[in-house]
Amino acid sequence: MNRSDETTPIQRHYISELTDKILREIHTQRNSGCKHLVRRESQVLKSTSDLQVQLNSLKEAIAGLTSAMAAITQNSTAVPNREEIQQAANNNNLESPGSSVSTWESAHDLRRPIQREMSIQDTIGIMPEFDPIKGSTSATQFITRTEQLQQCYGWKENRVLIAVQHKMKGMAKRWLDAQSVFQTWSEFMYAFKADFPTTHNAAEIHKLLMKRKRKNGEDYVEYFYSMLTIGRQGKVDDVSINMHIISGLNDSAVTKPLATMNFTTCSELLVALKNLSAISSASVTSIPPNQPTKTEIKYNGKYTQIKCFNCNELGHMAAKCP
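Residues numbered from 1 in each chain as written. Predicted model: local features only at pLDDT ≥ 70, side-chain atom pairs only at ≥ 80, totals over all residues. Heavy atoms only, no water.

Q: Outline the packing of aromatic side chains, supporting the account with residue identities and numerical values.
A: Tallied over the entire structure, the rule returns 14 aromatic pairs. Ring geometry for Phe142 versus Phe192: centroids 5.6 Å apart, planes at 50 degrees, classification tilted. Of this pair, Phe142 sits in helix α5 (residues 139-153) while Phe192 sits in helix α8 (residues 185-195), placing them 50 residues apart in sequence. Like Phe142, the residue Phe192 is buried in the burial classification. Ring plane angle 65 degrees and centroid distance 6.3 Å describe the contact between Trp175 and Phe188, whose orientation is recorded as edge-to-face. One end of the pair, Trp175, is in helix α7 (residues 171-177); the other, Phe188, is in helix α8, and 13 residues separate them in sequence. (Phe/Tyr/Trp six-rings, centres within 6.5 Å; stacked < 30°, edge-to-face > 60°. Helix = DSSP H or I, 4+ residues; strand = E, 2+ residues; numbered from the N terminus. Buried < 20%, exposed > 50% of the residue type's maximum accessible area, 1.4 Å probe, protein only.)

Right, dumping it as C-alpha cells:
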C-alpha cells in the first residue's frame, strides 16, 4: 500500500468532525424548512377563515339591501340619500365592527321611511301673517288657519305660541309687546280676539269694493287678487265680487267686453281678464316722439302728466276722478 493512501488518526478525526458538522447543518436546515412551511400553512388557513367571514357578512348585507329596495318599491317610502347611508354604515362600524348582525340591522333600518322633524323656522314660514292695518287676514281667519295647521302637523302649544309672535306685524306687534307673556294658547286667543274683533258688515265690504279702483299702471292680476281678498274677508259671493272688479278696472278696452260676459266664479273672470289684458297690451301703438297724450298738458313749453287734485293720482283731472 502506498504511503499516500494511508490516513493518519488526526486526519480521520478532522474528517469525522467535518462530517458531523455537515450532518447537523443539514438537519437544522430541514427542521427550519418544516417549521416555515407549517407557519405558512397556518397563515393561509387563517386568511381563508377571515375571507370567509367577510364574504358571509357581504352576502347578508346584500340580502338586506335587496329586501330594503323591494320594500321601498312596494310602499313608495323615501329612498335614503348618500349621507344617510354613510351615517348608517358609520353607526354600524361603531357598534360592532366586522359583525354581520349589525350590518343586517343597519340595512334593515334603511327600509324605514326617513322623516325630518319640522323646525321652528319651518313652522314660522307656513303660518299666516297678521296686520290689522293692511287687513289681508282677519283675526278670526288668523286663529282658524293657525289651529288648522297645528292639528295637521301636530304642533305643541309652546311651538305655536313662539311662531305666533313672529307673525304679528305692524300694530299687532306693538300690541303683543305691550302684553304680559302668554302662558297658554287659549289665553292668547281670548285676548287676541277681544282686542281685534272681526265684524262682517256686508255694507262696509261692498263700500270698500266700490271704492277700490285699479291704479294707473297697476297690474290687472294684482288688482284682481286685491279685490278678491276684500270680498273673501266679507264672505261676498263671486258674482258680486266680479261686478266690483270689472267696474273698477279703469280700462274701457277691457271693461266693455268683460261686462257683456256672464261669469259665475271669480276664477272664470281671472282667465278672461288675463286674455283680454294681453290682447289690449299687444294692440297698443306707440306714440310718436314729442306728441302729447290725452293725459298730458303743456306747461312752460314742456308736456307734463295731468295730476288729479282729488286722489293725487296721475292720468286724469279732478272732474273725471273715478
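Once you've had a look at it, read on.
Q: Lay out the pattern of salt bridges with the relevant residues and their values.
A: Scanning the entire structure with this criterion turns up two salt bridges. For Asp177, the salt bridge identified is with Lys173, shortest N-O distance 3.7 Å. Here the residue Asp177 and the residue Lys173 both occupy positions in helix α7, the gap between them amounting to four residues, near one helical turn. Glu218 is the partner of Arg212 in a salt bridge, and the nearest nitrogen-oxygen pair spans 2.7 Å. Grouping residues by exposure puts Arg212 and Glu218 together as buried. (Salt bridge = Lys/Arg side-chain N within 4 Å of Asp/Glu carboxyl O.)

Q: Could you give me a rundown of the packing of helix α10 (residues 220-233) against helix α11 (residues 238-247), with the residues and numbers involved?
A: Between α10 and α11, whose axes approach to 10 Å, the crossing angle comes to 140 degrees. It follows from the interaxial angle that α10 and α11 lie oblique. Relative to α11, α10 is oriented so that their crossing is right-handed. Side by side, α10 and α11 meet where Tyr223, Phe224, Met227, Leu228, Gly231 and Arg232 of the first sit next to Asp238, Ile241, His244 and Ile245 of the second. (Axes fitted to C-alpha atoms, helices over the stretch in contact; angles between N-to-C directions. Parallel < 35°, antiparallel > 145°, perpendicular 65-115°, else oblique. Left-handed = near helix turned anticlockwise from the far one by under 90°. Contact = heavy atoms within 4.5 Å.)

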